[in-house]
Amino acid sequence: SLVSRQEELQKKIRSSLAPAPELHDSYKERSLSDLMKTHVQLSDQLRTDDRFRRVNQKALLQYRMFVEQRDDLRNRKQGSDIGEKAIAALIQQLDNRKDDEITRVFRTVTHNFDRVFRQLAGGGSAHLVLQSADVVENGIAKKVLAGIELEVQFPSQSSSSSSSSTSTASTTITPSSGRSQLQMSGGQKSLVALALIIAIQRTDPVPFYVLDEVDPALDAAHRDA
């Protein structure tokens, strides 16, 4: 409280102004009037003597105040260092939790993506693959997410044979570009995009969805899926 702080400061002031023990012993037997007379004489001497005019008479008090301020700043710095370490530990913990959650959601989405793609395309397969890159931050090497690779295989039926074959396409979508280089037709790209949207929505489903004008962009073979 303010009262306790005031009492503490007053004690420090009294202790800083207290005479040295050897002086206390030499003057303790003298009367109060004698001490006051000596005090006046010494004060006059300090004011008139050229040897003491340039002496800072408050140097000791100022020194003690500066030492106290220094100690206070040191204590505050130690508290800041402790707080910095605690914040760094919290950030690391949150980063770990974030990475775990991203991994969990990604596995769910890629599983749903494959299932939805098979239903819409009538077979084949689809996968999402995380791409990582090595970076150095604050002198520490670590891996960060660099993009997502999307791999799909469309089933196709050969006109001259009853055996089935597959057409394969892949792309890498990075945060910087966000562009797809899939070597597929427009209808196939639309189907892949639709499958990915549904797979993401299935991760946290809602009662219903409204998708407007989806089928015109699909190939004729996939509009009934």
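Being a predicted model, the structure only gives us computed values, none of them experimental.

Trainee: Please explain a nonpolar patch on the surface as it appears in this structure.
Mentor: A surface patch of nonpolar side chains, amounting to about 280 Å² of accessible area, comprises Leu61, Met65 and Phe66. Here Phe66 shows up in helix α5 (residues 59-121). Phe66 sits in the exposed class, given a relative accessible area of 52%.

Trainee: Can you walk me through helix α6 (residues 186-203) in this structure?
Mentor: One turn of the α-helix equals 3.6 residues, which is why residues spaced by three or four share an orientation. An ideal rise of 1.5 Å per residue puts 26 Å on 18 residues; α6 measures up with 26 Å between its terminal C-alpha atoms. By the burial criterion, the buried members of α6 are Gly187, Gln188, Leu191, Val192, Leu194, Ala195 and Ala199. Relative to the axis of α6, the buried residues are bounded by an arc of 165° and lie together on one face.

Trainee: How do you make sense of the environment of Arg107 when you look at a structure like this?
Mentor: Tracing the backbone through its elements, the reader meets Arg107 in helix α5. When the C-alpha positions of Arg107 and Thr203 are compared, they lie 9.9 Å apart, and in sequence the two are 96 residues distant.

Trainee: Honestly, the packing of aromatic side chains in this entry has me stumped. Any pointers?
Mentor: Geometry of an aromatic ring pair is reported as the spacing of the ring centres plus the angle between the planes. Applying the stated criterion across every chain, the model contains two aromatic pairs. On the numbers, 5.0 Å between centres and 75° between planes, the contact of Phe117 with Phe154 is edge-to-face. Linking Phe117 in helix α5 with Phe154 in strand β2 (residues 140-157), this pair joins segments that are 37 residues apart in sequence. Phe154 carries the same exposure label as Phe117, and that label is buried. An aromatic cluster is built from Phe113, Phe117 and Phe154, whose rings are joined through pairwise contacts.

Trainee: I'm lost on the nonpolar core in this one. Help?
Mentor: Side chains that are nonpolar tend, in soluble globular proteins, to be buried together. Grouped together as the largest cluster of nonpolar side chains are 19 residues, with contacts concentrated most on Phe113, Phe117, Val152, Phe154, Leu191 and Val192. Among the secondary structure elements, those contributing two or more residues to this core are α5, β1 (125-137), β2 and α6.

Trainee: Mind showing me how you'd approach the pattern of salt bridges here?
Mentor: Side chains that differ in charge, positive against negative, can pair when their charged atoms come close. All chains considered together, the criterion is met by five salt bridges. Asp71 is the salt-bridge partner of Arg70, the closest N and O atoms lying 3.3 Å from each other. For Arg70, a relative accessible area of 41% corresponds to the partly exposed category. On the basis of relative accessible area, Asp71 is assigned to the partly exposed category, the value being 30%. A salt bridge links Asp95 to Lys98, with the nearest nitrogen and oxygen atoms 3.9 Å apart.

Rules behind the numbers
Residues numbered from 1 in each chain as written. Predicted model: local features only at pLDDT ≥ 70, side-chain atom pairs only at ≥ 80, totals over all residues. Heavy atoms only, no water. Patch = residues over 30% accessible without salt bridge, like charges linked within 9 Å, V, L, I, M, F, W, Y side chains within 5 Å. Areas by Shrake-Rupley, 256 points an atom, 1.4 Å probe, with all protein chains shown as cover. Salt bridge = Lys/Arg side-chain N within 4 Å of Asp/Glu carboxyl O. Helix = DSSP H or I, 4+ residues; strand = E, 2+ residues; numbered from the N terminus. Buried < 20%, exposed > 50% of the residue type's maximum accessible area, 1.4 Å probe, protein only. Expected span 1.5 Å × (residues − 1). Arc of directions from axis to C-beta. Phe/Tyr/Trp six-rings, centres within 6.5 Å; stacked < 30°, edge-to-face > 60°. Core = buried A, V, L, I, M, F, W, Y, C linked by side-chain atoms within 4.5 Å.

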